[in-house]
Amino acid sequence: MKREDFIFTIGFEGNTAVVDSRCRKRYRTLSTIALAEKGLYRQAFCSALFSGDTREMEHLLEYMREYTSFDASSEIALKRLFGVFEVPKGITRTLSV
């Protein structure tokens, strides 16, 4: 699964990821913090999660603590908030809507 597909996934149907094509086209080149600055917090979290970089996740947590009222005490808190726990394996197709 590509980064921009994971970031803008709105659901799954079997082994297919359903992707918001309009948002993907408009915001796919933005970094994690740039997504957060645009108010796309879930997408920013998915970007940091996809990267697997702990420094990037920490930077996002700091940003969210400073600029939002979300419980950004830890990565686990954001996983629960956004309902995204890992990059899914076994996704073979994407469906753009």
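Further up the page is the structure itself.
No experiment lies behind these values; they were computed from the predicted model shown.

Novice: Even after reading the chapter, I still don't get helix H4 (residues 41-51), so can you show me in this structure?
Specialist: Note on helix geometry: an α-helix contains 3.6 residues per turn, so any two residues three or four positions apart are oriented the same way. Listed as buried for H4 are Gln-43, Ala-44, Phe-45, Cys-46, Ser-47, Ala-48 and Leu-49. Close packing links the buried residues of H4 with helix H1 (3-7), helix H3 (32-37), helix H5 (54-67) and helix H6 (75-82).

Novice: Honestly, the environment of Glu-66 in this entry has me stumped. Any pointers?
Specialist: Within the secondary structure, Glu-66 is located in helix H5. Exposure remark for Glu-66: the relative accessible area of 57% places this residue in the exposed category. Taking C-alpha positions, Glu-66 is 32 Å from Ala-17, a pair spaced 49 residues apart along the chain. Only 3.3 Å separates the side chain of Glu-66 from the side chain of Tyr-67, close enough to count as a polar contact.

Novice: Would you explain the nonpolar core in this entry?
Specialist: Generally speaking, soluble globular proteins have nonpolar side chains that are buried together. Counting residues in hydrophobic clusters, the biggest one holds 25 residues, and the most contacted among them are Leu-35, Phe-45, Leu-60, Met-64, Leu-78 and Val-84. Of all the elements in the fold, those that place two or more residues in this core are H1, strand S2 (16-19), H3, H4, H5 and H6. In contact with Met-64, other than residues within four places in its own chain, are Tyr-41, Phe-70, Ala-72, Leu-78 and Phe-82.

Novice: What am I meant to see in the pairing of S2 here?
Specialist: Every regular strand shows the same layout, with side chains that alternate between the two sheet faces. Burial along S2 is two-sided: Thr-16 and Val-18 and Ala-17 and Val-19, pointing in opposite directions, are all buried. Bridge analysis of strand S1 (residues 9-13) against S2 gives four bridges, and the strand direction is antiparallel. If you follow Gly-11 over to S2, its bridge partner there is Val-18. From the end of S1 to the start of S2, which pair antiparallel, there are two residues, and Gly-14 there has a positive phi angle of about 65°. Pairing of S2 with strand S3 (residues 93-96), which is carried by four bridges, proceeds in the parallel orientation. Opposite Ala-17, over in S3, you have Thr-94 as the bridge partner.

Reading the values: rules and limits
Residues numbered from 1 in each chain as written. Predicted model: local features only at pLDDT ≥ 70, side-chain atom pairs only at ≥ 80, totals over all residues. Heavy atoms only, no water. Buried < 20%, exposed > 50% of the residue type's maximum accessible area, 1.4 Å probe, protein only. Helix = DSSP H or I, 4+ residues; strand = E, 2+ residues; numbered from the N terminus. Contact = heavy atoms within 4.5 Å. Polar contact = N/O pair within 3.5 Å; in protein donor to acceptor, adjacent residues only side chain to side chain. Core = buried A, V, L, I, M, F, W, Y, C linked by side-chain atoms within 4.5 Å. Pairing = 2+ DSSP bridges.

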